[in-house]
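Understanding the architecture of this molecule
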Amino acid sequence: MTARHLRALRTTALGATSALALLALAACGSGSPTPSSATTSRADTAPTTTTAPSPTPTPTRTETPTPTAPPATKPPTTTPTTPAADPLAGMSLDQKVGQLFMVGAAATGPVPATDTAITRYHVGNVILVGRSQLGVTKTKAIADALQRHATSSATHGLPLFVGVDQEGGNIQVLRGPGFSTMPTALAQGTWAPATLRGEAHTWGSELAKAGVNLNLSPVMDTVPSPADNEANKPVGYWHRQFGYTPATVASHGVAFLQGMHDADVATTVKHFPGLGRVQGNTDFTSGVKDTETTADDPYLAPFKAGITAGTEAVMTSTAIYTRIDPDNPGAFSHAVVTGLLRDKLGFDGVVITDDVSSAKQVSAWSPGQRAVKAIAAGNDIVLAGVPDQIPAMTAAVVAKAKADPAFAKQVDAAATRVVTAKKHLAG
């Protein structure tokens, strides 16, 4: 993806076998799991107008001018408008729905269930999960193999978003020859923003060489103080935040984002609307609630800064925000996703859920219900780190779209945002 393509993408946007299970580090990130070839897990987020001068008058002649006929009046000329090409033209409903999913793909090599998710269920996006020490060259071979599954019959020939959690510290999925060792975000936050941008450019260049085109970073959550780190299991415990004030998180999160963009890697601001003031990790705990965040909260500033800086995607959290919508996890909440993120903050790019395939927080709903609720709330991509849930999820969305015209329009709108981004990505 060239810088020109990313700029175009930002203009449009700102306009992962039942044997597979999540490792200890999943959607929000925790622990440092041992890689396993049989386990798939997330690592965790107006032109100027000038007036011509009047000409100098010239002497007039006194003779009587010869009358001339007035010029014929031409009808106003209109330029015919060409209807914009439909980005979904020729796609089946199954293919459109497939673009609304991101499936787990083991960072250490192929997993048949992942391949099947792409080829049979038309899934258009993958996230490299687990832990890998393979290095850049071998990771590129894995990414290329995944891209080869994106055929005309599978994804309508659209390329995959190949994503990864490459934040730093414990949350660095890809390591080995050619990959730098990244410090924690909290350490990154002590650097000058210009220095961080330069380092992020290096890290992003490594991802690009490895075939990764989407980093599911930076984390824009703010933990209030060092004293809160121990209790804040999803973020502070692992030092995933850039600092302890929204201003520091915003400035350094944007610097990280810009460095990735400099390397032609797209970014994902997370975990909207914030996980810095919760305690439980939504991957392993149910009933996780944020009782402080409001629609006008100052802790939203880093997310707004990321949107303004041109992030291609925003990831929504599955915590419950009691002062915005006490009845639904954020990723399932129309008030959070559409009302706050899209309408109030003005983000019209790609919205991705946090992992909803095995998170304890959303276990009360079936896989199919999770997928439908996520799309209905306004998300564009449902992240499912465990591939064996893809059949039920995609089937539920297809069935709902066939039965509900309003939901079908939401599917089309979401697929349009994803596909438009893919077309720019492909050049």
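As a reminder, the structure under discussion sits directly above these lines.
Residues numbered from 1 in each chain as written. Predicted model: local features only at pLDDT ≥ 70, side-chain atom pairs only at ≥ 80, totals over all residues. Heavy atoms only, no water.

**What to know about the sheet that holds strand β11 (residues 325–329)**
With respect to topology, three strands assemble into an open sheet ordered β8-β10-β11, the strand pairing being mixed. Two strands bound the open sheet, and with one partner strand each, they are β8 (289–290) and β11. When β8 meets strand β10 (residues 320–321), the two strands line up parallel, connected through two bridges. From the neighbouring strand, aspartate 290 faces β10, where its bridge partner is tyrosine 321. (Pairing = 2+ DSSP bridges. Helix = DSSP H or I, 4+ residues; strand = E, 2+ residues; numbered from the N terminus.)

**Describing the packing of aromatic side chains**
This structure, assessed with the given rule, holds six aromatic pairs. Centroid distance phenylalanine 272 to phenylalanine 303: 5.3 Å. Interplanar angle 90°. Geometry classified as edge-to-face. One end of the pair, phenylalanine 272, is in strand β7 (residues 266–272); the other, phenylalanine 303, is in helix α9 (residues 301–308), with 31 residues separating them in the sequence. Aromatic pair phenylalanine 332 and tryptophan 365: ring centres 5.4 Å apart, planes at 90°, arrangement edge-to-face. Of this pair, phenylalanine 332 sits in the loop between β11 and α10 (334–344) while tryptophan 365 sits in the loop between β12 (350–353) and α11 (367–377), and the two are 33 residues apart along the sequence. Residue class for phenylalanine 332 comes out buried when judged on its relative accessible area of 5%. On the accessibility criterion, tryptophan 365 (22% relative accessible area) is partly exposed. Taken together, the ring pairs connect Trp191, Trp203, Phe242 and Phe256 into an aromatic cluster. The cationic tip of arginine 277 hangs over the ring face of tyrosine 299; the distance from NZ or CZ to the ring centre is 3.9 Å. (Phe/Tyr/Trp six-rings, centres within 6.5 Å; stacked < 30°, edge-to-face > 60°. Buried < 20%, exposed > 50% of the residue type's maximum accessible area, 1.4 Å probe, protein only. Lys NZ or Arg CZ within 6 Å of the ring centre and 35° of its normal.)

**Structural notes on unusual backbone geometry**
Following serine 217, the chain continues to proline 218 via a peptide bond in cis, the omega torsion being 15°. Located in the positive-phi region is histidine 122, a residue other than glycine, with phi close to 65°. On the basis of relative accessible area, histidine 122 is assigned to the buried category, the value being 14%. The phi torsion at histidine 156 lies on the positive side, around 60°, for a residue other than glycine. Tracing the backbone shows histidine 156 in the loop between α5 (152–155) and β3 (161–164). The class for histidine 156 is partly exposed, based on a relative accessible area of 31%.

**Quick look at the sheet that holds strand β2 (residues 125–129)**
Ordered in space as β12-β9-β7-β6-β3-β2-β1-β13, the eight strands form an open sheet in which the pairing is parallel. The open sheet has two edge strands with one neighbour each: β12 and β13 (382–384). Relative to the sheet, α9 contacts β7 and β9 (313–316), its axis offset from that of β7 by approximately 160°. (Contact = heavy atoms within 4.5 Å. Axes fitted to C-alpha atoms, helices over the stretch in contact; angles between N-to-C directions.)

**Re the pairing of β2**
Burial analysis of β2 places five of its five residues in the buried class, which makes it a mostly covered element. Sheet topology places strand β1 (residues 101–106) next to β2; five bridges connect them, and they run parallel. Its bridge partner being in β2, valine 103 is matched across the sheet by valine 126. Once you follow β1 into helix α3 (residues 112–119) and on to β2, the crossover reads as right-handed. Here β2 pairs with β3 via four bridges, running parallel. By the bridge assignment, asparagine 125 is partnered in β3 with phenylalanine 161. (Right-handed = clockwise from strand over helix to strand, strands pointing away.)

**Comments concerning the packing of α11 against helix α12 (residues 390–403)**
Geometrically, a packed helix pair is captured by the angle between its two axes and the distance between the axes. α12 packs onto α11 with a crossing angle of 50° between their chain directions and a minimal axis gap of 7 Å. Relative to α12, the element α11 lies oblique. Relative to α12, α11 is oriented so that their crossing is right-handed. Contacts between α11 and α12 involve Pro367, Gly368, Ala371 and Val372 from the first element and Ala392, Met393, Ala396, Val397 and Lys400 from the second. (Parallel < 35°, antiparallel > 145°, perpendicular 65-115°, else oblique. Left-handed = near helix turned anticlockwise from the far one by under 90°.)

**Remarks on the nonpolar core**
Formed by 59 residues in total, the largest nonpolar core has its most connected members in Phe101, Leu128 and Leu174. Counting 27 residues, the second-largest nonpolar core is a separate cluster that includes Val249, Val314, Leu345 and Val351. (Core = buried A, V, L, I, M, F, W, Y, C linked by side-chain atoms within 4.5 Å.)

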